[in-house]
Amino acid sequence: MAMPRAFAEAQRLLRLDKSRLDDFVEALKKVADVYGPVRKGVQHSFQLLEDKRPELDYHTTILPPKKLLHEPFEKLFSFEEDRVEVVQSVPKRPQVLLGIHPCDVHAIEILDQVYGGEYEDPYYQKRREQTVIIALNCTTVHDNCFCSSLGTGPELKSGYDLLMTDLGDQFLVEVGTPRGAELVAEAGLEPAPRVTLVDKERRLSEARNRLRKRLLTQDLDQLLKDNFRHPVWEELRHECLACGSCTMVCPTCFCYNTVDVLNLDLKSGWRERVWDSCLLLDYAQVAQGMNFRKDRDARIKHRVYHKLVYYEPQFGTLGCVGCGRCIDTCIKGIDITEIIRELRGE
Ligand code: SF4
Ligand code: SF4
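Residues numbered from 1 in each chain as written. Chains lettered and ligands numbered in written order. Predicted model: local features only at pLDDT ≥ 70, side-chain atom pairs only at ≥ 80, totals over all residues.

Quick look at the environment of Arg-325
Consideration 1: One can find Arg-325 in helix H11 (residues 325-329).
Consideration 2: Taking the C-beta count within 10 Å as the criterion, Arg-325 has 25 such neighbours and is therefore assigned buried.
Consideration 3: Note: C-alpha distance between Arg-325 and Ile-340 (15 residues apart in sequence) is 17 Å.
Consideration 4: Ignoring any residue separated from it by four or fewer positions in sequence, one finds Arg-325 in contact with Thr-60, Val-249 and Cys-250. (Helix = DSSP H or I, 4+ residues; strand = E, 2+ residues; numbered from the N terminus. Buried ≥ 20, exposed ≤ 12 C-beta atoms within 10 Å, placed from the backbone. Contact = placed C-beta atoms within 7 Å.)

Below, the structure is given as structure tokens:
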């Protein structure tokens with residue numbers, strides 16, 4: 001994709017009639033692989049839009065778009081006797097992530113820090129450089145969303161190449177970067193009058209008011225530090241199944257394990273990394289079978305503390321973006337917001 005081209009203020013606000021969404025997606029496909037939310041059973045999933053239509057009125061997706069930047073299984077290198085070949089499954093074309101909600105964009109910004117910090121991850125970085133974000137503000141909200149408590153939604157202020165807002169029969173499209181400007185030039189979108197910003201603000205304010213779930217962040221760090229031995233953790237020891245689902249669906253969880261796979265010739269094979277979960281029993285197992293988080297309460301407590309205490313000094317932000325996926329997915333109904341409410345004595 002050609003980069004970059006200056007874009008004027010007047011070109012930052014554009015409109016896309018919903019009747020022209022397919023044309024827009026087709027224009028994107030000419031220059032990139034386009035991923036968007038599509039129906040999967042009763043849920044939605046981010047998938048390559050080959051012959052599928054995106055359903056932009058979705059609540060959330062099963063897995064976050066993280067899976068397209070940090071794949072669940074990723075081959076790192078292959079080997080044959082003493083020959084090693086680095087394998088990087090970098091997309092051949094740019095990839096457009098269409099319709100990402102604000103919480104998921106915030107989560108990608110956190111992953112950018114994790115994988116772009118002192119120990120830069122070339123696998124993530126290559127894919128990230130090839131990625132264009134077309135975000136979608138949330139004008140509808142879901143029972144388990146609590147993004148407004150964390151300042152990660154329902155509206156997005158930065159981190160996008162293009163930002164869409166559903167205004168009924170059309171989308172307002174705001175340009176965030178020269179790369180986004182290139183894309184809208186390809187698609188031939190029309191300018192939108194500034195008054196559409198008023199409609200946008202009204203819809204987002206209504207969405208914010210519809211959010212019912214909250215996570216009060218005031219003095220959260222101290223609250224958790226003071227309640228390391230609270231009875232809620234003992235209750236969770238019996239409740240939590242340690243299935244790891246909450247970590248698999250979390251857009252900010254980044255742990256992985258590396259595995260060497262040997263072919264039957266015992267001379268060749270490959271190393272891959274796979275998503276891992278701190279909720280699983282063997283996650284904290286070290287040499288000689290020692291496990292420093294062998295009890296389930298220790299593992300779920302670690303997850304909550306990692307999200308709400310340990311992230312901030314490291315990355316300057318909490319590690320939860322309030323997407324609600326862990327609540328949606330937990331078959332025991334364990335809810336991080338309820339844990340905090342219980343610690344607060346509410
Ligand atoms: S909190 Fe729920 S989803 Fe997470 S490991 Fe425990 S039972 Fe599984
Ligand atoms: S902890 Fe739960 S609500 Fe928070 S970002 Fe992860 S999946 Fe979403």
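Quick word on the site of ligand 2
Consideration 1: Lining the immediate surroundings of ligand 2 are 13 residues, of which Cys-250, Cys-320, Cys-323, Arg-325 and Cys-326 lie closest.
Consideration 2: Looking at side-chain class alone, the shell around ligand 2 contains eight nonpolar, three polar and two charged residues. (Near = placed C-beta within 6 Å. Nonpolar A, V, L, I, M, F, W, Y, C, P; charged D, E, K, R; others polar.)

Here's the deal with the packing of helix H8 (residues 231-239) against helix H10 (residues 296-315)
Consideration 1: Orientation of H8 relative to H10, taken along the N-to-C sense of each, is 115 degrees, at an axis distance of 8 Å. In terms of their interaxial angle, H8 and H10 are classed as roughly perpendicular. Crossing geometry of H8 relative to H10 is assigned as right-handed. Between H8 and H10, the contacting residues are Trp-233, Glu-234, Leu-236 and Arg-237 on the first element and Arg-296, Asp-297, Ile-300 and Lys-301 on the second.
Consideration 2: Tallied by class, residues from the contact of H8 with H10 come to three nonpolar, no polar and five charged. (Axes fitted to C-alpha atoms, helices over the stretch in contact; angles between N-to-C directions. Parallel < 35°, antiparallel > 145°, perpendicular 65-115°, else oblique. Left-handed = near helix turned anticlockwise from the far one by under 90°.)

A word on unusual backbone geometry
Consideration 1: At the junction of Gly-153 and Pro-154, the peptide bond is cis and its omega measures out at 5 degrees in the coordinates.
Consideration 2: Assignment of secondary structure puts Pro-154 in the loop between helix H4 (147-150) and strand S8 (162-166).

Comments concerning the pairing of strand S1 (residues 13-17)
Consideration 1: What you see with S1 is a clean split: Leu-14 and Leu-16 sit on the buried side and Leu-13, Arg-15 and Asp-17 on the side with no burial.
Consideration 2: When S1 meets strand S9 (residues 170-175), the two strands line up antiparallel, connected through five bridges. The residue of S9 that forms the bridge with Asp-17 is Gln-170.
Consideration 3: For S1 and strand S10 (residues 190-191), the ladder comprises two bridges, and the chain directions are antiparallel. Considered in S10, the bridge of Arg-15 is made with Glu-190. (Pairing = 2+ DSSP bridges.)

Remarks on the sheet that holds S10
Consideration 1: In space, the eight strands of this open sheet follow the order S3-S2-S6-S7-S8-S9-S1-S10, with mixed pairing throughout. Here the strands that pair on one side only, and so sit at the sheet edges, are strand S3 (43-48) and S10.
Consideration 2: Inspection of the sheet shows S8 paired to S9 by five bridges, in the antiparallel sense. Across the sheet, residue Leu-163 finds its bridge partner in S9, namely Glu-174.

Description of the site of ligand 1
Consideration 1: In the vicinity of ligand 1 there are 13 residues, among which Cys-240, Cys-243, Ser-245, Cys-246 and Cys-330 approach most closely.
Consideration 2: The class makeup of the residues in the shell around ligand 1 is nine nonpolar, three polar and one charged.

A few points about the confidence of the model for the chain
Consideration 1: Residue-level pLDDT values for the chain average 94, and 97% of them are 70 or greater.
Consideration 2: Within the model, the stretch residues 1-7 combines pLDDT values under 50 with 18 contacts to residues more than four positions away or in other chains. (pLDDT = per-residue confidence, 0-100.)

Thoughts on the sheet that holds strand S11 (residues 256-262)
What holds strands together in a sheet is hydrogen bonding between their backbones, with the strands either parallel or antiparallel.
Consideration 1: Spatial strand order, S5-S4-S12-S11: four strands in an open sheet with antiparallel pairing. Two strands in the sheet have a free side with no partner beyond their single neighbour: strand S5 (83-86) and S11. On average, adjacent strands in this sheet sit at an angle of 20 degrees to one another, irrespective of strand direction.
Consideration 2: Taken together, the seven bridges between strand S4 (residues 73-80) and strand S12 (residues 268-275) define a ladder with antiparallel strand orientation. Residue Lys-75 lies in a different strand from S12, and its bridge partner there is Glu-272.

Details of the nonpolar core
Consideration 1: By size, the foremost hydrophobic cluster in this structure holds 71 residues, and its most contacted members are Val-96, Ile-134, Ala-135, Leu-162, Met-164, Val-173 and Val-184.
Consideration 2: Considering every element that reaches this core, the biggest residue donor is helix H2 (residues 102-116), with six residues.
Consideration 3: Two domains each donate at least three residues to this core, and these are domain 1 (9-72 + 90-210) and domain 2 (220-343).
Consideration 4: Apart from residues no more than four positions distant in its own chain, Val-173 is found in contact with Leu-14, Arg-15, Leu-16, Leu-162, Met-164, Val-184 and Leu-189. (Core = buried A, V, L, I, M, F, W, Y, C linked by C-beta atoms within 7 Å. Domains from an automatic or database assignment.)

Points about the domain arrangement of the chain
Consideration 1: The domain boundaries assigned to the chain delineate domain 1 (9-72 + 90-210) and domain 2 (220-343).
Consideration 2: Placing the centre of domain 1 and that of domain 2 at their C-alpha centroids yields a distance of 27 Å.
Consideration 3: Taken together, the elements giving at least two residues each to the side of domain 1 that touches domain 2 come down to H2 and H4.
Consideration 4: Sort the elements by how many residues they give to the side of domain 1 that touches domain 2 and H2 lands first, with eight residues.
Consideration 5: When grouped by side-chain class, the residues that make up the side of domain 1 that touches domain 2 number 13 nonpolar, nine polar and two charged.

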